[in-house]
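Fold and geometry: a report
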Amino acid sequence: MIDRRALLAAVPALAACDRFASAQDAPISAPPLKSVSPAPFGTCIQAGHIDDPAWVALARANVSQLTPEWEMKMEYIAADGLNAPYRFDRTDRIVDFAQANGMAVHGHTLIWYSQGGDLVAGLSGAEFDRVFDDYVATVAGHYRGKVRSWDVVNEPITDDGEGMRDCHWSREYGADGYVLRAFEKAKAADPEAVLFLNDYNLENTPRKGAEFLRLVERLLKAGCPLEGIGTQAHLDIEIPPGQITSFIREAARFGLPIHVSELDASLRSEGRIDLRSDRERLAQQTGRVRELAVAFADLPERQRFAFSIWGLRDTDSWLRQGDKDDGKDSPLPFTASGAANPMAAAIASGFQA
Ligand code: G3I
């Protein structure tokens, strides 16, 4: 069922993009995003960004929360294996930068299906427990009192939404078991941090969103210290209006804080014949982004945890790195030079609807 409000909400964004498309170089104006956000406004960060004055200036102007993009994951912290100390140098620097700039830190991520297999290869039972429990306790303990929250488990649901991913963690503890264990160990290590379950395509793929929420329900019934829902929102801009609103409203029924945790909105066509004009793609992007901002702003205040983008400038995006880079995608609110994109205006407009 199409949400009429979402359709009406798209109108200003369309106007914004008309101005953008027709006026060509007309600058887009957008207020500092943290100043109009109904909750902390965040972005991801890499330690190297701290050495980029343009990035620092844009971050100071627009954000009040930071999520380490990759250096707080096993791939960096445990890069030297279990017989070497965990590496906290870069994320300590990020935490220090955040504290010096009055920004909160959202920890990302303790347990993820896509990392850590090398650490537990060939292990089982008590040896496996020691690695799993020690990692969560050590990392969450190291940042106790320094991070606001954690993505305790990232991306537990299969892409098709059929069920739980099979991974080295689930094969040892069971599909829900590893999630429960991770949350219990994280809670013990940092009782104050708000503990999130985080996943992607929850709006794009309603079947996956529904399966994710069924996991949330099972975990809560099992007494899991699950305290927040993270929806990454790497948006598919071609989804129908209203689909985003439907998921956010469904997720909100648990009464938990909601974190829009990794928003970006690619304009790419993923290698297929694409008959959409630039104007049409921009209208889709600003329409869906604005719909997400409206849906988030409509949440009760206690459920508006934070609204985070997955990068500041288009060229900071993971979508513009290496062989993924098509040289022109504009998935983020700011251009490479830090000017506002129509996406920034769409976010601000949605917050103020
Ligand atoms: O900076 C180093 C570089 O010095 C080195 O030469 C190079 C090759 O080893 O690696 C570079 O680091 C890479 C880093 O991105 C910065 O580009 C890491 O290898 C690479 O693993 C890392 O990828 C990150 C990815 O998660 C895996 O951790 C992406 O930046 C990050 O955007 C992406 O973020 C994920 C979220 O965590 C979960 N949701 C999906 C999202 C997008 O995939």
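Summary of the structure given here. Note that the coordinates shown come from a computational prediction; the quantities given were computed from them, not determined experimentally.

Criteria and thresholds
- Residues numbered from 1 in each chain as written.
- Predicted model: local features only at pLDDT ≥ 70, side-chain atom pairs only at ≥ 80, totals over all residues.
- Heavy atoms only, no water.
- Salt bridge = Lys/Arg side-chain N within 4 Å of Asp/Glu carboxyl O.
- Helix = DSSP H or I, 4+ residues; strand = E, 2+ residues; numbered from the N terminus.
- Buried < 20%, exposed > 50% of the residue type's maximum accessible area, 1.4 Å probe, protein only.
- Pairing = 2+ DSSP bridges.
- Right-handed = clockwise from strand over helix to strand, strands pointing away.
- Polar contact = N/O pair within 3.5 Å; in protein donor to acceptor, adjacent residues only side chain to side chain.
- Contact = heavy atoms within 4.5 Å.

1. A short note on the pattern of salt bridges
For the structure shown, the criterion picks out 25 salt bridges. Salt-bridge contacts for Glu71 lead to Arg90; the nearest nitrogen and oxygen are separated by 3.0 Å. Residue Glu71 is located in the loop between strand S2 (65–68) and helix H4 (74–77), and its partner Arg90 is located in helix H5 (residues 89–100); the two are separated by 19 residues in the primary sequence. Judged by relative accessible area, which is 1%, Glu71 ranks as buried. For Arg313, the salt bridge is made with Asp316, and the minimal N-O distance between the two is 2.8 Å. An identical accessibility class is assigned to Arg313 and Asp316; each is buried. Here the salt bridges share partners, and the residues they tie into one network are Asp129, Asp133, Arg181 and Lys185.

2. Overview of the pairing of strand S5 (residues 194–199)
Taking burial as the measure, the six residues of S5 include five buried ones, the bulk of the element. In this structure, strand S4 (residues 149–154) lies alongside S5, joined through five bridges in parallel fashion. Within S5, the position partnered with Trp150 by the bridge is Leu195. Between S5 and its parallel partner strand S6 (residues 228–231), the chain crosses via helix H10 (residues 206–221), and the hand of that crossover is right-handed.

3. Description of helix H13 (residues 342–351)
With nine of its 10 residues buried, H13 lies for the most part within the structure. Turning to H13, its buried residues are Pro342, Met343, Ala344, Ala345, Ala346, Ile347, Ala348, Gly350 and Phe351.

4. Quick look at the side chain of Ser261
If you trace the backbone, Ser261 turns up in strand S8 (residues 258–265). At 2.7 Å, the side chain of Ser261 and the side chain of Asn198 are in polar contact. Of the polar contacts made by the side chain of Ser261, one reaches the backbone nitrogen of Gln232; its length is 3.4 Å. Among all residues touching Ser261, those that are not within four sequence positions of it are Asn198, Gly230, Thr231, Gln232, Ser308 and Trp310.

5. A look at the pairing of S6
The alternating pattern of S6 places Gly228 and Gly230 and Ile229 and Thr231 on opposite faces, both of which are buried. The pairing of S6 with S8 spans three bridges and is classified as parallel. Considered in S8, the bridge of Gly230 is made with His259.

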